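Summary of the model geometry
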Amino acid sequence: MKESILVIGSNGQIGTELVTELRKIYGEDVVIACDIRRPDYDIKNAGPFEFVNVLEKEILNNTFKKYKPTQVYLLAALLSATGEQNPKLAWDLNMNGLLNILDLAIEYQTYKVYWPSSIAAFGVNSPKLNTPQYCIMDPNTVYGISKLAGERWCEYYFQKYGLDVRSIRYPGLISWKAAPGGGTTDYAIHIFHDALKKGSYTSFLSAETKLPMMYMDDAIRGTIELMDSPADRISIRSSYNFAGTSFTPEDLATEIRKHIPGFELKYQENDPRQAIASSWPQSIDDKQARQDWNWKPEFNLTKITEDMLGNLKR
Ligand code: SER
């Protein structure tokens with residue numbers, strides 16, 4: 001089978017690294033990077049690029065017609081913090097973008113669709129520790145509501161139309177290649193930049209705010225492992241719990257101080273992102289992913305810190 005892979009939202013924090021990895025595996029011409037902005041990273045000259053807005057149906061349809069994708073990765077979204085600044089736009093983009101893709105995937109017989117959910121789909125009444133796959137989910141951000149609704153739509157399209165759609169609930173993703181996209185977990189990236197530049201950082205989350213986090217290398221590998229698994233191994237068609245590690249701003253500062261001894265961490269109070277973070281799980285039970293497709297993370301906090309500081313210094 002000749003593969004043709006669309007990555008929509010290719011310039012974002014995940015897309016930038018996913019496109020590069022998929023091109024290594026499948027070849028440069030096979031992976032079509034799609035975004036509303038011209039890419040400014042190394043995916044720019046390395047393979048095909050299309051301007052695609054996931055809400056513009058005609059352009060989207062033409063892109064499917066032109067490439068007849070065998071796989072589609074839909075990464076275009078407004079995240080938790082930016083979503084709260086424009087709730088209606090977040091709902092429109094996150095929800096109608098997904099429905100547009102699911103419908104076109106059926107029309108053009110795309111074999112596999114990938115769509116990310118998030119720990120943001122959980123809420124204040126979800127268990128905080130080792131949050132199970134199935135539990136109360138009462139998200140309180142538009143982003144989280146759209147992720148929970150999207151999970152239901154994914155399962156619906158699988159059951160009703162047999163569409164092979166796969167999904168992961170990402171924790172906070174830490175990376176250095178592309179800037180993060182306006183999430184509540186972004187502090188865990190900014191802190192590394194400021195530690196190197198200024199020797200100090202002011203966190204918008206409090207010292208004891210523990211959140212599930214993952215290094216991008218693990219996230220990309222896990223995503224591709226899920227997509228490569230035989231369909232009969234995928235027992236969850238809403239979205240898989242997916243865990244790397246968990247830490248607080250204070251844990252992270254302690255780890256950074258092993259490399260930058262004088263690093264100073266300060267706290268800024270009353271940031272609206274604190275309420276979002278406080279409603280999310282502290283750790284995630286991902287045993288189903290481990291069982292179904294042998295998921296296993298490789299980066300703990302020590303390794304993440306070493307790799308982030310090493311790469312950012314260069
Ligand atoms: N990292 C995301 C956010 O903070 C969670 O999916 O919005």
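Preceding this section is the structure that the text describes.
Residues numbered from 1 in each chain as written. Predicted model: local features only at pLDDT ≥ 70, side-chain atom pairs only at ≥ 80, totals over all residues. Heavy atoms only, no water.

**A word on the overall build of the chain**
Counting secondary structure elements, the chain contains eleven helices and 14 strands. The C-alpha atoms of the chain give a radius of gyration of 19 Å, which matches the 20 Å a tight globule of 314 residues would have. Dimensions of the chain, computed from the C-alpha atoms along their principal axes, are close to 55 × 45 × 40 Å. Residue burial in the chain is summarised as follows: out of 314 residues, 57% are buried. (Helix = DSSP H or I, 4+ residues; strand = E, 2+ residues; numbered from the N terminus. Rg over C-alpha atoms; globule rule 2.2 N^0.38 Å. Buried < 20%, exposed > 50% of the residue type's maximum accessible area, 1.4 Å probe, protein only.)

**Some details on helix H2 (residues 57-67)**
Every buried residue of H2 is listed here: Leu60, Thr63, Phe64 and Tyr67. Taken around the axis of H2, the buried residues stretch over an arc of 95°, which confines them to a single face. The exposed set on the far side of H2, more than 90 degrees from its buried face, consists of Glu58 and Lys66. Buried residues along H2 sit in contact with strand S1 (5-8), strand S2 (31-35), strand S3 (49-51), strand S4 (71-74) and helix H4 (87-107). Positive backbone phi, approximately 40°, marks Lys68, located one or two places after H2. (Arc of directions from axis to C-beta. Contact = heavy atoms within 4.5 Å.)

**A few points about a nonpolar patch on the surface**
A cluster of nonpolar side chains, namely Ile106, Trp153, Tyr156 and Tyr161, defines an oily patch on the protein surface of about 370 Å² accessible area. Sorting elements by how many residues they give to the nonpolar patch places helix H5 (residues 142-161) first, with three residues. In this fold, Trp153 is placed in helix H5. (Patch = residues over 30% accessible without salt bridge, like charges linked within 9 Å, V, L, I, M, F, W, Y side chains within 5 Å. Areas by Shrake-Rupley, 256 points an atom, 1.4 Å probe, with all protein chains shown as cover. Salt bridge = Lys/Arg side-chain N within 4 Å of Asp/Glu carboxyl O.)

**Describing the sheet that holds S4**
Strands sit in the order S3-S2-S1-S4-S5-S7 across an open sheet of six strands; the sheet is parallel. Two strands close off the open sheet at either side, each with one partner strand: S3 and strand S7 (164-166). Direction aside, the axes of adjacent strands within the sheet are offset by 20° on average. Here S1 runs beside S4; their pairing, made up of four bridges, is parallel. Paired with Ile5 across the two strands is Gln71, which belongs to S4. (Pairing = 2+ DSSP bridges. Axes fitted to C-alpha atoms, helices over the stretch in contact; angles between N-to-C directions.)

**Looking at the layout of surface pockets**
Taken as a whole, the largest pocket holds about 950 Å³ of empty space. Surrounding the largest pocket, 47 residues form its lining, Gly12, Leu75, Ala77, Leu79 and Gly181 being those nearest its centre. Looking at the lining of the largest pocket, the element that brings in the most residues is H4, giving four residues. For the lining of the largest pocket, the class distribution of residues is 26 nonpolar, 17 polar and four charged. (1 Å grid on protein atoms, 1.4 Å probe; cavity = no way out; pocket = protein on both sides within 12 Å on 5 of 7 lines; lining within 4 Å. Points joined across faces, edges and corners; volume = space filled by probe spheres on them. Nonpolar A, V, L, I, M, F, W, Y, C, P; charged D, E, K, R; others polar.)

**Section: the sheet that holds strand S9 (residues 172-174)**
Within the open sheet, the three strands sit side by side as S9-S11-S13. Their pairing is mixed. Of all strands in the sheet, those with a lone pairing partner are S9 and strand S13 (245-247), marking the two edges. With strand direction ignored, the average angle separating the axes of adjacent strands in the sheet is 45°. Sheet analysis places S9 next to strand S11 (residues 211-215), joined by three bridges and oriented parallel. Bridging across to S11, Leu173 finds its partner in Met214. Lying over the sheet, helix H11 (residues 301-313) contacts S9, S11 and S13, oriented at roughly 55° with respect to S11.

**Notes on the pattern of salt bridges**
Applying the stated criterion to the full structure yields 14 salt bridges. Across the salt bridge formed by Lys66 and Glu50, the nearest N and O atoms sit 2.7 Å from each other. Pair noted here: Lys66 is in helix H2 and Glu50 is in strand S3, with a separation of 16 residues, a long-range link. The exposed category is assigned to Lys66, whose relative accessible area is 56%. We note a salt bridge from Asp164 to Arg237, for which the minimum N-O separation is 2.6 Å. You can see Asp164 sitting in strand S7 and its partner Arg237 sitting in the loop between helix H7 (216-228) and strand S12 (240-241), a full 73 residues away along the chain. By relative accessible area, Asp164 is classed as buried at 13%. Under the relative-accessibility criterion, Arg237 is labelled buried at 6%. In this structure, a network of salt bridges that share partners links the residues Asp218, Arg221, Glu225 and Glu298.

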